[in-house]
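Each chain is listed here by its residues.
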Amino acid sequence: MKILIAEDRAVSRRILLELLEKQGHEARATGNGREAWTAFKQETPDAILTDWDMPEMDGLQLTKHVRTHPKGDGVYIIMLSAVYTLNENFYQAMDLGVNDFLTKPYTKRDLIVRLKLAEKFIESHRKIRRLESFLRVCCYCRKVCDKNDDWRPLEEHIHRRTGAEFSHGMCPECFEEHAKPEIDGLA
């Protein structure tokens, strides 16, 4: 997995980085939420390990930014907390989109287990995305069925999803097979 670390303590950052790399993950470490947000926008990670309390931008603010980004819904976020936090704060974090929590100090084994859960989540999310990307197309009229079971022309479906505009033409094979005989027949 590609994992982004947001941790303000240099020693903790280095330990996390070494542990993740030893586990075969590609990891990038940042010193606070603002740096992590910049790194996230440059290259979307599979997972984020973020400290709760950091200068400039804390873990909750980072989570909020990630979840509002178009590529942020499939990112697994693990919140790291050094202090006991009231349940209400955990609920707030979950409402913002945090997937899991680890209380410091945590063991290497605790982190490895959480990362295995993250991998399962990420793989499931990717499978769902692939399934959602399939288009049901009528084999007769070529209309596309959307998630509301509405059937629309292919061009309209693509326009609604991407904003693409269409211009119609004719490929060389169809020209030879359909148009040229008609043109030749007029001559």
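Each remark here, short or long, concerns the structure printed above.
Residues numbered from 1 in each chain as written. Predicted model: local features only at pLDDT ≥ 70, side-chain atom pairs only at ≥ 80, totals over all residues. Heavy atoms only, no water.

Trainee: Break down the pairing of strand E3 (residues 47-51) for me, with residues and values.
Mentor: Burial analysis of E3 places 5 of its 5 residues in the buried class, which makes it a mostly covered element. The two faces of E3 match: Ala47, Leu49 and Asp51 on one face and Ile48 and Thr50 on the other face are all buried. As paired elements, strand E1 (residues 2-6) and E3 share 4 bridges and run parallel to each other. Residue Leu4 lies in a different strand from E3, and its bridge partner there is Ile48. Relative to strand E4 (residues 76-81), E3 runs parallel, the two being bridged by 5 bridges. Directly across from Ala47, in E4, lies its bridge partner Tyr76. Taken together, E3, helix H3 (residues 59-68) and E4 form a β-α-β motif whose crossover is right-handed. (Buried < 20%, exposed > 50% of the residue type's maximum accessible area, 1.4 Å probe, protein only. Helix = DSSP H or I, 4+ residues; strand = E, 2+ residues; numbered from the N terminus. Pairing = 2+ DSSP bridges. Right-handed = clockwise from strand over helix to strand, strands pointing away.)

Trainee: Quick one: what's the story with the sheet that holds E4, residue by residue and with numbers?
Mentor: Taken in spatial order, the 5 strands make up an open sheet running E2-E1-E3-E4-E5, and their pairing is parallel. Sheet topology places strand E2 (26-30) and strand E5 (100-103) at the edges, where each strand pairs with a single neighbour. Across the sheet, the axes of successive neighbouring strands diverge by a mean angle of 20°, strand direction being ignored. Helix-sheet contacts for helix H1 (residues 10-22) involve E1, E2, E3 and E4, and the interaxial angle to E2 is about 170°. Where helix H2 (residues 33-42) meets the sheet, it contacts E1, E2 and E3, and its direction lies at approximately 140° from that of E2. (Axes fitted to C-alpha atoms, helices over the stretch in contact; angles between N-to-C directions. Contact = heavy atoms within 4.5 Å.)

Trainee: Summarise the packing of aromatic side chains; cite the residues concerned and give the values.
Mentor: Per the counting criterion, the structure on display carries 4 aromatic pairs. For the ring pair Trp37 and Phe40, a centre distance of 5.6 Å and an interplane angle of 15° mean the geometry is stacked. Linking Trp37 with Phe40, this pair stays in helix H2, spanning 3 residues, or about one helical turn. The pair Trp37 / Phe40 is uniform in exposure class, with both members buried. One aromatic cluster is present, formed by Trp52, Phe90 and Phe101 through successive ring pairs. (Phe/Tyr/Trp six-rings, centres within 6.5 Å; stacked < 30°, edge-to-face > 60°.)

Trainee: So, the sheet that holds strand E6 (residues 136-137): which residues are in play, and what are the values?
Mentor: Taken together, the 3 strands give an open sheet; going across it, the order is E6-E7-E8, and neighbouring strands pair in antiparallel fashion. Looking at which strands have only one partner, the edges of the open sheet turn out to be E6 and strand E8 (151-152). The pairing of strand E7 (residues 144-145) with E8 spans 2 bridges and is antiparallel. Its bridge partner lying in E8, Val144 is registered against Arg152.

Trainee: Report on helix H5 (residues 108-133), specifying residues and quantitative values.
Mentor: With 26 residues, H5 should reach 38 Å at 1.5 Å per residue; the first-to-last C-alpha distance of 37 Å fits that figure. As for H5, its buried residues are in contact with E1, H1, E3, E4 and E5. (Expected span 1.5 Å × (residues − 1).)

Trainee: Would you mind going over a nonpolar patch on the surface in detail, with residue names and values included?
Mentor: A surface patch of nonpolar side chains, amounting to about 210 Å² of accessible area, comprises Leu135, Val137 and Leu154. Relative to the helices and strands, Val137 resides in strand E6. Look at Val137 and you get partly exposed, because its relative accessible area is 38%. (Patch = residues over 30% accessible without salt bridge, like charges linked within 9 Å, V, L, I, M, F, W, Y side chains within 5 Å. Areas by Shrake-Rupley, 256 points an atom, 1.4 Å probe, with all protein chains shown as cover. Salt bridge = Lys/Arg side-chain N within 4 Å of Asp/Glu carboxyl O.)

Trainee: Hey, could you go over unusual backbone geometry for me, with residue numbers and the actual values?
Mentor: Omega for the bond connecting Lys104 with Pro105 falls within 30 degrees of zero, at -5°, which places this linkage in the cis form. Note that Pro105 resides in the loop between E5 and H5. Phi angles above zero are rare outside glycine, and Arg142 is one such case at about 70°. Residue classification places Arg142 among the exposed residues on the basis of a relative accessible area of 56%. Positioned with a positive phi, Asp149 is a non-glycine residue whose angle comes to about 65°. Within the secondary structure, Asp149 sits in the loop between E7 and E8.

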